[in-house]
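If you want the building blocks of each chain, they are given just below.
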Amino acid sequence: KAGVTQTPRYLIKTRGQQVTLSCSPISGHRSVSWYQQTPGQGLQFLFEYFSETQRNKGNFPGRFSGRQFSNSRSEMNVSTLELGDSALYLCASSPVGYHEQFFGPGTRLTVL
Amino acid sequence: AQTVTQSQPEMSVQEAETVTLSCTYDTSESDYYLFWYKQPPSRQMILVIRQEAYKQQNATENRFSVNFQKAAKSFSLKISDSQLGDAAMYFCAYFAQGAQKLVFGQGTRLTINP
């Protein structure tokens, strides 16, 4: 099976812009989670989707949003980018009934 | 809220030797899952090993094993016969069932000396 894929792998934006990141889970996985990784804050949970429904959200401002499509692919959107949004954004998928999460390679976002 | 603590920011070991990475966690839940993930320089997070809290037997995956002490809320990772390819950041993670999310420790950077 192909692993979790994320596009794009690298992204450079300027403050105030918005960005959309995409994640395709492993085939058959219906749960998709997003994490932000920074040197200062480490790995922080953004949100989790299952069957197109957001089941949980981390402690991030409303500028961070996401959605999941019927094929389980997920997107996250960050509006009005700030310098502090520069990070590695990781997507992970899980099969139904299991708790381990399998990660994609991440999208490196740089905000200038 | 659950927290995960890795007290060793950096560790180093000679190739072929054994190293143990420490992890403690805090939770009020009785049923949960614990994981160790490896993140090499490529930044891809790779699942190393998992432990179900209800299982008393420590998990083992080839050269990787854990020492799970539920009462002490401790979950250490032992790497035997260390190899150069084991060099990476290692993250301990707790799966919070209610919140359906992983809570990560700050990580331990492991260096393998040839």
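In case you missed it, the structure is sitting above this.
Everything numeric here is computed off the predicted structure, so don't read it as measured data. (Residues numbered from 1 in each chain as written. Chains lettered and ligands numbered in written order. Predicted model: local features only at pLDDT ≥ 70, side-chain atom pairs only at ≥ 80, totals over all residues. Heavy atoms only, no water.)

Topic: the overall build of chain B
Item 1. The number of helices and strands found in chain B is zero helices and 12 strands.
Item 2. For a compact globule of 114 residues, the expected C-alpha radius of gyration is about 13 Å, and chain B comes in at 14 Å, within 12% of that figure.
Item 3. With respect to the principal axes defined by its C-alpha atoms, chain B has extents near 45 × 25 × 20 Å.
Item 4. Put simply, chain B has 114 residues, and 48% of those count as buried.
Item 5. In chain B, once contacts between residues fewer than 6 apart in sequence are set aside, the share between residues at least 24 apart is 54%.
Item 6. Charged side chains in chain B number 10 positive and 10 negative. The centres of these two groups are separated by 5 Å. (Helix = DSSP H or I, 4+ residues; strand = E, 2+ residues; numbered from the N terminus. Rg over C-alpha atoms; globule rule 2.2 N^0.38 Å. Buried < 20%, exposed > 50% of the residue type's maximum accessible area, 1.4 Å probe, protein only. Contact = heavy atoms within 4.5 Å. Lys, Arg positive; Asp, Glu negative; His and termini not counted. Charge placed at Lys NZ, Arg CZ, Asp CG, Glu CD.)

What to know about the pattern of salt bridges
Item 1. A complete count under the given rule lists 10 salt bridges over all chains for this structure.
Item 2. Between A:Glu100 and B:Arg50 there is a salt bridge; the shortest N-O distance is 2.2 Å. Of this pair, A:Glu100 sits in the loop between strand 9 (87-94) and strand 10 (102-103) while B:Arg50 sits in strand 6 (residues 46-52), each in a different chain.
Item 3. Given the relative accessible area of 11%, A:Glu100 is considered buried.
Item 4. Connected through salt bridges with shared partners, the residues A:Glu100, B:Arg50, B:Glu52 and B:Lys55 form a single ionic network. (Salt bridge = Lys/Arg side-chain N within 4 Å of Asp/Glu carboxyl O.)

Quick notes on the packing of aromatic side chains
Item 1. Enumeration over the complete set of coordinates arrives at 15 aromatic pairs over all chains.
Item 2. Relative to B:Tyr94, the ring of B:Tyr25 has its centre 6.1 Å away and its plane inclined at 35°; by these criteria the two rings are tilted. Of this pair, B:Tyr25 sits in strand 4 (residues 24-26) while B:Tyr94 sits in strand 10 (residues 88-96); the two residues are 69 residues apart in sequence, bridging distant segments of the chain. As far as burial versus exposure is concerned, B:Tyr25 and B:Tyr94 are alike and both buried.
Item 3. Chaining the aromatic ring pairs together yields one cluster made of A:Tyr35, A:Phe45, A:Phe103, B:Phe35, B:Tyr37, B:Phe91 and B:Phe104. (Phe/Tyr/Trp six-rings, centres within 6.5 Å; stacked < 30°, edge-to-face > 60°.)

Remarks on the interface of chain B and chain A
Item 1. Counting residues at the interface gives 18 residues for chain B and 22 residues for chain A.
Item 2. Where chain B abuts chain A, roughly 1,700 Å² becomes buried across the two surfaces, and 52% of that area is made up of carbon and sulfur atoms.
Item 3. Across the contact surface, chain B and chain A share one salt bridge.
Item 4. For the pair chain B and chain A, the number of links is eight residue pairs in polar contact (both at pLDDT 80 or more).
Item 5. Every element with two or more residues in the side of chain B that touches chain A is listed here: strand 5 (33-39), strand 6, strand 10 and strand 11 (101-104) of chain B.
Item 6. At four residues, strand 5 of chain B tops the list of elements feeding residues into the side of chain B that touches chain A.
Item 7. Considering only residue class, the side of chain B that touches chain A consists of 10 nonpolar, five polar and three charged. (Buried area = accessible area lost by both parts, 1.4 Å probe. Polar contact = N/O pair within 3.5 Å; in protein donor to acceptor, adjacent residues only side chain to side chain. Nonpolar A, V, L, I, M, F, W, Y, C, P; charged D, E, K, R; others polar.)

Let's talk about the pairing of strand 9 of chain A
Residue and element names in this part refer to chain A.
Item 1. For strand 9, the tally of buried residues reaches eight of eight residues, placing the bulk of the element in the interior.
Item 2. Across the two faces of strand 9 the burial is the same, with Ala-87, Tyr-89, Cys-91 and Ser-93 and Leu-88, Leu-90, Ala-92 and Ser-94 all buried.
Item 3. Here strand 4 (residues 31-38) runs beside strand 9; their pairing, made up of seven bridges, is antiparallel. Across the sheet, the residue bridging to Gln-36 is Tyr-89, located in strand 9.
Item 4. Two strands pair when backbone bridges link them, and strand 9 and strand 11 (residues 107-111) are joined in this way by three bridges, in the antiparallel orientation. Each bridged residue has a counterpart across the sheet, and for Ala-87 the counterpart in strand 11 is Leu-109.
Item 5. Pairing of strand 9 with strand 10 involves two bridges; the strand directions are antiparallel. Opposite Ala-92, over in strand 10, you have Phe-103 as the bridge partner. (Pairing = 2+ DSSP bridges.)

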